[in-house]
Amino acid sequence: AIDFVIRQERLQGRAARDTRGRGAGDIESDGRIIEGKSYGGAWRSGVLYFTPPQLREGERNADYYVYIVENVAQGNPSNFELRALLARGAMWRGA
């Protein structure tokens, strides 16, 4: 899923790179910090889980995004679906 997001970012003309294990997000892309969440099928629950560092980054950084990649269990990236959410704002304040 991370490789898929990186490819999608590059298609948008951004210089994305894998930063897993080196910061608050999985990907850095032209100043964006992206947290990738993947689901085997469709993301239907509306619930996302975050670590405390991820929550802090979302509260302080206007360039922190959450990208949800759906349908990864079937294995074919051409069938993956991407949802991008700007992570800063009301959702971080519990509204």
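Residues numbered from 1 in each chain as written. Predicted model: local features only at pLDDT ≥ 70, side-chain atom pairs only at ≥ 80, totals over all residues. Heavy atoms only, no water.

Looking only at helices and strands, the chain features two helices and five strands. Sequence-ordered secondary structure for the chain, helices as α and strands as β, is α-β-β-β-α-β-β. The buried share of the chain, taken over its 95 residues, is 37%. As displayed, the chain offers around 5600 Å² of accessible surface, 47% of which is attributable to carbon and sulfur atoms. (Helix = DSSP H or I, 4+ residues; strand = E, 2+ residues; numbered from the N terminus. Buried < 20%, exposed > 50% of the residue type's maximum accessible area, 1.4 Å probe, protein only. Areas by Shrake-Rupley, 256 points an atom, 1.4 Å probe, with all protein chains shown as cover.)

Let's shift gears to the pairing of strand β3 (residues 32-38). The buried count for β3 comes to six of seven residues, which makes it a mostly enclosed element. Summarising the sheet, strand β2 (residues 27-29) and β3 pair through three bridges and their orientation is antiparallel. Its bridge partner lying in β3, S29 is registered against R32. Between β2 and β3, which pair antiparallel and follow one another directly, the connecting turn spans two residues, one of which, D30, has a positive phi of 50 degrees. (Pairing = 2+ DSSP bridges.)

Attention now goes to the nonpolar core. Counting residues in hydrophobic clusters, the biggest one holds eleven residues: I2, F4, V5, I6, A16, I27, I34, Y65, Y67, V69 and F80. Contributions of two or more residues to this core are made by α1 (2-11) and β4 (64-70). Per element, the largest residue contribution to this core is four residues, and it comes from α1. Leave out the neighbours within four places in its chain, and Y67 touches V5, E9, R14, R32, I34, E35, G36, K37, L82, R83 and A84. Ranked by size, the runner-up nonpolar core spans seven residues in total, among them I33, W43, V66 and I68. (Core = buried A, V, L, I, M, F, W, Y, C linked by side-chain atoms within 4.5 Å. Contact = heavy atoms within 4.5 Å.)

Looking now at the pairing of β4. Along β4, seven of the seven residues are buried, which leaves the element largely enclosed by surrounding structure. Here β4 shows two buried faces, one formed by Y64, V66, I68 and E70 and the other by Y65, Y67 and V69. Taken together, the six bridges between β3 and β4 define a ladder with parallel strand orientation. In the sheet register, G36 faces β4, and the bridge partner there is Y67.

All right, on to unusual backbone geometry then. Phi is positive for D30, close to 50 degrees, though the residue is something other than glycine. Mapped onto the elements of the fold, D30 is located in the loop between β2 and β3. Its identity is not glycine, yet N71 carries a phi of approximately 65 degrees, on the positive side. Tracing the backbone through its elements, the reader meets N71 in the loop between β4 and β5 (81-86).

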